Amino acid sequence: MVNFNGTLLAEDENFLNGDNRGLQYGDGLFETLRVVNGKLFFWEDHYFRLMASMRILRMEIPMQFTMEHLEAEVLKTITAKELQNNAVRVKILVFRNTGGLYAPTDNNVQYVITVKPLTAPFYVLTEQPYEVELFKDFYLNADMLSNLKTTNKLLNVVAGVYSQENGYQNCLLLNQKKQVVETINGNLFLVNKNIIKTPPLEDGCLNGILRKKLIELLEALEDYEILEASISPFELQKADELFLTNTILGIVPITKYRKKEFATATAKNLIGKLNARARLA
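Just so it is clear, the model here is predicted, and its values are computed rather than measured.

**Considerations on the overall build of the protein**
Then, number 1: Broken down by element type, the protein carries 8 helices and 16 strands.
Then, number 2: Computed over the C-alpha atoms, the radius of gyration of the protein is 19 Å, within 12% of the 19 Å expected from 2.2 N^0.38 for a compact globule of 281 residues.
Then, number 3: For the C-alpha atoms alone, the extent of the protein along its principal axes is close to 50 × 40 × 35 Å.
Then, number 4: In the protein, buried positions account for 49% of the 281 residues.
Then, number 5: Excluding contacts between residues fewer than 6 apart, the proportion of contacts in the protein whose partners are at least 24 apart in sequence is 70%.
Then, number 6: For the protein, the distance from the average position of its 31 positive side-chain charges to the average position of its 33 negative side-chain charges is 4 Å.

What follows is the structure, given as structure tokens:
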């Protein structure tokens, strides 16, 4: 089942057309979140990020788009798929109404909610090899639009194809200043002894919910110092650890970059603390 503007439809039903602005111009936003047994992880953060992003893109926010209303629509969709007792990946896609060319004729929006089952109820650290490489064909812009989860993700898609073609599990994306910004599907953290760095939003990284939560967690721990600071490609091979974060996977340790192999001790230490915070969110 798919939730289209509050109406449950069959997944194979044709409810969008070729004039859809998300398709025509990438004029849309999305939120991806984890739901376990009906509990939306970090829902308040996801909701307010979506509202802030809609305002930045000058979309009209419908009166019914309250946190309670959208939560109810998410749970309605999960129940319709009979996944209310499971771990679920939820995607909320918001796009402007059809009409216009680059300039829309209407700033009101529609939405689609889709759900898919997940295998594990909480974040689990993978023990698999995870090799990355720099992607240098195209660069992120160091501006506010890069902080948003828009439907314009061509750079990420092409980087994903590159990583598949070359046998990598992921790629590190650069901005136009040649600073390391993020991975294809998550924020990047670099560990040197007890200092943990992650690129600042000003460098063009996604304003990730797990990034925010991990920064808050690290700020409360005496064992680590967290810095939001630019990361040069030259720092990568000097690091003790690298890992990425996103809402669905949690923490994913990077085990190899070029000739350097990385430890995973910090990631292992943080995954349990992150799960504890998710339960309380």
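Having seen the structure, we can now continue with the description.
**Brief notes about the side chain of arginine 211**
Then, number 1: Mapped onto the elements of the fold, arginine 211 is located in helix H6 (residues 209-219).
Then, number 2: In contact with arginine 211, not counting residues within four places along its chain, are Asn187, Phe189, Thr198, Pro199, Pro200, Leu201, Cys205, Leu206, Glu228 and Thr245.

**Some details on the environment of threonine 266**
Then, number 1: With respect to the element layout, threonine 266 can be found in helix H8 (residues 265-280).
Then, number 2: Threonine 266 sits in the buried class, given a relative accessible area of 7%.
Then, number 3: Placed 75 residues apart in sequence, threonine 266 and valine 191 show a C-alpha to C-alpha distance of 7.8 Å.

**Notes on the packing of helix H2 (residues 43-56) against helix H3 (residues 67-80)**
Then, number 1: Where H2 meets H3, the closest approach of the two axes is 11 Å, and the angle between their N-to-C directions is 110 degrees. Here H3 runs roughly perpendicular to H2, going by the angle between their axes. Seen along the crossing, H2 lies across H3 with a hand that is right-handed. Contacts between H2 and H3 involve Trp43, Glu44, Tyr47, Leu50 and Met51 from the first element and Met67, Leu70 and Glu71 from the second.
Then, number 2: Taken together, the residues of the contact of H2 with H3 break down into 6 nonpolar, no polar and 2 charged.

**With respect to the packing of H6 against H8**
Then, number 1: Their axes nearest at 11 Å, the elements H6 and H8 cross at an angle of 105 degrees. Classified by the angle their axes make, H6 and H8 are roughly perpendicular. Between H6 and H8, the residues in contact are Leu210, Lys213, Leu214, Glu216, Leu217 and Leu218 and Leu270, Lys273, Leu274 and Arg277, respectively.
Then, number 2: Across the contact of H6 with H8, the residue classes tally to 6 nonpolar, no polar and 4 charged.

**Overview of helix H5 (residues 154-165)**
Then, number 1: Relative to the 16 Å expected for 12 residues at 1.5 Å per residue, H5 spans 17 Å between its end C-alpha atoms, a close match to the ideal helical length.
Then, number 2: Residues of H5 that are buried make contact with strand E7 (131-140), strand E8 (170-175) and strand E9 (180-183).
Then, number 3: In the segment just after H5, glycine 167 is the residue with positive phi, at about 75 degrees.

**A closer look at the sheet that holds strand E3 (residues 28-36)**
Then, number 1: Strand order in the open sheet formed by 6 strands is E2-E1-E6-E5-E3-E4, with antiparallel pairing between adjacent strands. The open sheet has two edge strands, strand E2 (7-9) and strand E4 (39-40), and neither has a second partner.
Then, number 2: Against the sheet, H3 touches strand E1 (2-4), E2, E3, E4, strand E5 (87-96) and strand E6 (109-117), its axis set at about 45 degrees to E6.

**Points about the nonpolar core**
Here is a general trend for soluble globular proteins: nonpolar side chains tend to be buried in one another's company.
Then, number 1: Met54, Val90 and Val94 are the most contacted members of the largest nonpolar core, which has 26 residues in total.
Then, number 2: Elements with a minimum of two residues in this core: E3, H2, H3, E5 and E6.
Then, number 3: What valine 90 contacts, discounting residues up to four positions off in sequence, is Glu31, Thr32, Leu33, Val35, Val74, Ile78, Ile113, Thr114 and Val115.
Then, number 4: Counting residues in each nonpolar core, the second largest holds 24 residues, with Val36, Phe42, Ile215 and Tyr224 among its members.

**Focus: the pairing of strand E10 (residues 186-192)**
Then, number 1: When you tally the buried positions in E10, you get 6 out of 7 residues, the bulk of the element.
Then, number 2: As judged from the 2 bridges shared by E9 and E10, these two strands associate in the antiparallel manner. Looking across to E10, one finds that threonine 183 is bridged to glycine 186.
Then, number 3: Joining the antiparallel neighbours E9 and E10 is a turn of 2 residues.

Rules behind the numbers
- Residues numbered from 1 in each chain as written.
- Predicted model: local features only at pLDDT ≥ 70, side-chain atom pairs only at ≥ 80, totals over all residues.
- Heavy atoms only, no water.
- Helix = DSSP H or I, 4+ residues; strand = E, 2+ residues; numbered from the N terminus.
- Rg over C-alpha atoms; globule rule 2.2 N^0.38 Å.
- Buried < 20%, exposed > 50% of the residue type's maximum accessible area, 1.4 Å probe, protein only.
- Contact = heavy atoms within 4.5 Å.
- Lys, Arg positive; Asp, Glu negative; His and termini not counted.
- Charge placed at Lys NZ, Arg CZ, Asp CG, Glu CD.
- Axes fitted to C-alpha atoms, helices over the stretch in contact; angles between N-to-C directions.
- Parallel < 35°, antiparallel > 145°, perpendicular 65-115°, else oblique.
- Left-handed = near helix turned anticlockwise from the far one by under 90°.
- Nonpolar A, V, L, I, M, F, W, Y, C, P; charged D, E, K, R; others polar.
- Expected span 1.5 Å × (residues − 1).
- Pairing = 2+ DSSP bridges.
- Core = buried A, V, L, I, M, F, W, Y, C linked by side-chain atoms within 4.5 Å.

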